[in-house]
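# Chain and residue survey
Spelled out, the chains give:
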Amino acid sequence: MSNSAEFDKSKAKHFMGKFQQDLASSMAARMCALGDRLGLFQILAKNSPLTSHQLAELAEIDERYSREWLQGMTAAGYLEVDSSSMAYTLPPEHQMPLADENSPLFQGGILELMVHSMTPFEELVSSFKNGGGVAQSSFHPKLYDGMSRSSGVRYRNLLLQQWIPSLPKVQAMLEKGVQVADIGCGNGLALLILAEAFPASNFIGFDAFPPQVAGANERAEKAGVSNNVHFEVADGSEPLPGKYDVIFTFDVIHDMPRPQEAMVNIRTHLNPGGVYVMQEITAEDHLHDNVGPMATLKYGMSLHYCMTTSLAHGGEGLGTCGMPEKVVRKMADEAGFSDVVKADCCNDFISLFEIWP
Ligand SMILES: C[S@@+](CC[C@H](N)C(=O)[O-])C[C@H]1O[C@@H](n2cnc3c(N)ncnc32)[C@H](O)[C@@H]1O
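Everything quoted here is computed from the prediction, not taken from an experiment.

The next thing to look at is the overall build of the protein chain. Helix and strand counts for the protein chain stand at 14 helices and 9 strands. At 23 Å, the protein chain has a C-alpha radius of gyration in line with the 21 Å of a compact globule built from 357 residues. Seen through its principal axes, the protein chain has C-alpha atoms that stretch 70 × 60 × 35 Å. The long-range fraction of contacts in the protein chain, counting pairs at least 24 apart against all pairs at least 6 apart in sequence, stands at 66%.

Below, the structure is given as structure tokens:
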């Protein structure tokens, strides 16, 4: 430890305050995940104000838990309470992120993803010590619900509204009618939205993790759009059935055990005139520029899911911040692509690239 002459007391005090705030925030997020899982925010949004007994009855939960949760969420600043009636309100201004699954601001998916990413804690500790990683199968299936609810907010609100219009050549191809593949399709929502919007094209989704594909097929059946879309288990780094005019990866390459091989594979599976569209998580070219709350979230998700699941397969473990533009361009070049065009809808979370052979 440094000597007292160098010790900045106000810096230490400031840091302790920040630490306690972070600790409290992680508890608030965890209590929010309980509220999301049990439908408490939705009940409050419809019926506020509610006492703990009324919430317990409507949500069919134990009153003691209802009371503690309401008080905890009020302490965290999420709810308001009338101290004479002890009735709690979810203010209208707090409802979109917490209670409205269709809102572009909805956060329930990321909450579900986050809490379930943290459960194989001792396995993760062991990976720190011994190498390797936590396999996808080690996580509770609800993690994958959280993943698709979380990315679903983007697909429902941005895919057709911003992303595809920002790629006019790709849009024209999809409208005309082409063969399309989505590698690492997860629960399939992006492809289902595209299949419905572009009925002249044919869509196939591949994912290496069988439960994701089962979820995607179930979703397709429920949506009744199995006409021009189907899903199969396949590793995107290995030969795939068929060739395609447009290949998408949505939030996938940084998770893959063999990302460079996957990009070579993608180029091999493009028809002449075809294009690869890569959506990735935005990261800064210089690692030390990835700082602050957004970068903390990205590194946290990386350690708890993205990087560790890749390392579990002896993979590269690029991680959530592993695909800054500089790396995308280098990998595309090494995979034999000749042109990378960055779409103008990119922001500090989402990056989108058109990659031409
Ligand atoms: C972060 S998830 C994204 C899923 C989906 N695209 C979405 O946005 O909801 C990454 C997906 O890539 C899949 N994946 C990872 N490595 C893969 C590989 N080598 N081949 C195919 N899919 C892979 C995972 O199983 C997972 O479903």
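Judged by how many residues are buried, helix α6 (residues 108-117) sits mostly within the fold: 10 of 10 residues are covered. On its buried face, α6 sits against α1 (9-37), α8 (142-163) and α13 (293-311).

Before going further, it helps to spend a moment on the nonpolar core. Formed by 57 residues in total, the largest nonpolar core has its most connected members in Val170, Leu191, Leu194, Val246, Ile247, Tyr276 and Val277. Not counting chain neighbours up to four residues away, the residues in contact with Leu191 comprise Asp182, Cys185, Phe203, Gly205 and Val229. Within the second largest apolar cluster, 28 residues are counted, among which are Ala56, Trp69, Leu79 and Leu143.

A word on the site of the ligand. In the neighbourhood of the ligand, 21 residues make up the surrounding shell, with Ser151, Gly184, Gly186, Phe209 and Gly236 lying closest. Looking at the shell around the ligand element by element, the count peaks at 3 residues for α8.

By the element assignment, Pro92 lies in the loop between β2 (87-89) and α5 (95-99). Residue classification places Pro92 among the exposed positions, given that 10 C-beta atoms sit within 10 Å. Each C-alpha atom of the pair Pro92 and Pro241 lies 50 Å from the other, and the pair is 149 residues apart in sequence.

Let us look at unusual backbone geometry. That bond from Ser48 to Pro49 is cis: its omega, 0°, falls within 30 degrees of zero. In this structure, Glu60 is a non-glycine residue whose phi angle is positive, near 55°. With respect to the helices and strands, the residue Glu60 is situated in the loop between α3 (52-59) and α4 (63-75). Classification of Glu60 as exposed rests on a count of 8 C-beta atoms within 10 Å. In this structure, Asp251 takes a positive phi of about 65° despite not being glycine.

Counting buried residues in strand β6 (residues 244-250) gives 7 out of 7 residues, a clear majority hidden from the surface. Bridge count for strand β3 (residues 179-183) against β6 is 3 bridges, and the pairing is parallel. Of the residues in β6, the one forming a bridge with Asp182 is Phe248. Pairing analysis gives 6 bridges linking β6 to strand β7 (residues 270-281), with the strands arranged parallel. Note that in β7 the partner of Phe250 across the bridge is Gln279. Taken together, β6, helix α12 (residues 259-268) and β7 form a β-α-β motif whose crossover is right-handed.

Next up on the list: helix α14 (residues 325-334). Those residues of α14 that sit buried are Val328, Met331 and Ala332. Down the axis of α14, the buried set is contained in an arc of 100°. They therefore lie on one face. The exposed residues of α14 that point more than 90 degrees off its buried face are Lys326 and Glu334. Residue Gly336 follows α14 closely and has a positive phi angle near 95°.

Assigned domains of the protein chain: these are domain 1 (9-95) and domain 2 (114-356). Averaged C-alpha coordinates put domain 1 and domain 2 at centres separated by 34 Å.

This part covers the packing of α1 against α4. Across the interface, α1 lies against α4 with an axial gap of 10 Å and an inter-helix angle of 130°. Between α1 and α4, the angle falls in the class oblique. When you trace α1 past α4, the crossing you get is left-handed. Contact with α1, carried on its side by Met31, Leu34 and Gly35, involves Trp69, Gly72 and Met73 of α4 and no other residues of that element. Looking at side-chain class alone, the contact of α1 with α4 contains 4 nonpolar, 2 polar and no charged residues.

Read from one edge to the other, the open sheet built from 7 strands follows the order β5-β4-β3-β6-β7-β9-β8, with strand pairing classed as mixed. The open sheet has two edge strands with one neighbour each: β5 (229-233) and β8 (339-342). Neighbouring strand axes in the sheet, compared pairwise and without regard to direction, differ in orientation by 20° on average. Pairing of β7 with strand β9 (residues 350-356), which is carried by 6 bridges, proceeds in the antiparallel orientation. Looking across to β9, one finds that Val277 is bridged to Glu354. Lying over the sheet, helix α10 (residues 189-197) contacts β3, β4 (202-207), β5 and β6, oriented at roughly 175° with respect to β4.

This part is about the environment of Phe353. Within the element layout of this structure, Phe353 appears in strand β9. Among the residues examined, Phe353 registers 21 C-beta atoms within 10 Å and is labelled buried. Along the backbone, Phe353 and Ala76 are 277 residues apart, and their C-alpha atoms lie at a distance of 39 Å. Once residues lying within four places of it in the same chain are set aside, the contact partners of Phe353 are Met278, Val328, Val340, Val341, Lys342 and Ala343.

Cut-off values and rules
- Residues numbered from 1 in each chain as written.
- Predicted model: local features only at pLDDT ≥ 70, side-chain atom pairs only at ≥ 80, totals over all residues.
- Helix = DSSP H or I, 4+ residues; strand = E, 2+ residues; numbered from the N terminus.
- Rg over C-alpha atoms; globule rule 2.2 N^0.38 Å.
- Contact = placed C-beta atoms within 7 Å.
- Buried ≥ 20, exposed ≤ 12 C-beta atoms within 10 Å, placed from the backbone.
- Core = buried A, V, L, I, M, F, W, Y, C linked by C-beta atoms within 7 Å.
- Near = placed C-beta within 6 Å.
- Pairing = 2+ DSSP bridges.
- Right-handed = clockwise from strand over helix to strand, strands pointing away.
- Arc of directions from axis to C-beta.
- Domains from an automatic or database assignment.
- Axes fitted to C-alpha atoms, helices over the stretch in contact; angles between N-to-C directions.
- Parallel < 35°, antiparallel > 145°, perpendicular 65-115°, else oblique.
- Left-handed = near helix turned anticlockwise from the far one by under 90°.
- Nonpolar A, V, L, I, M, F, W, Y, C, P; charged D, E, K, R; others polar.

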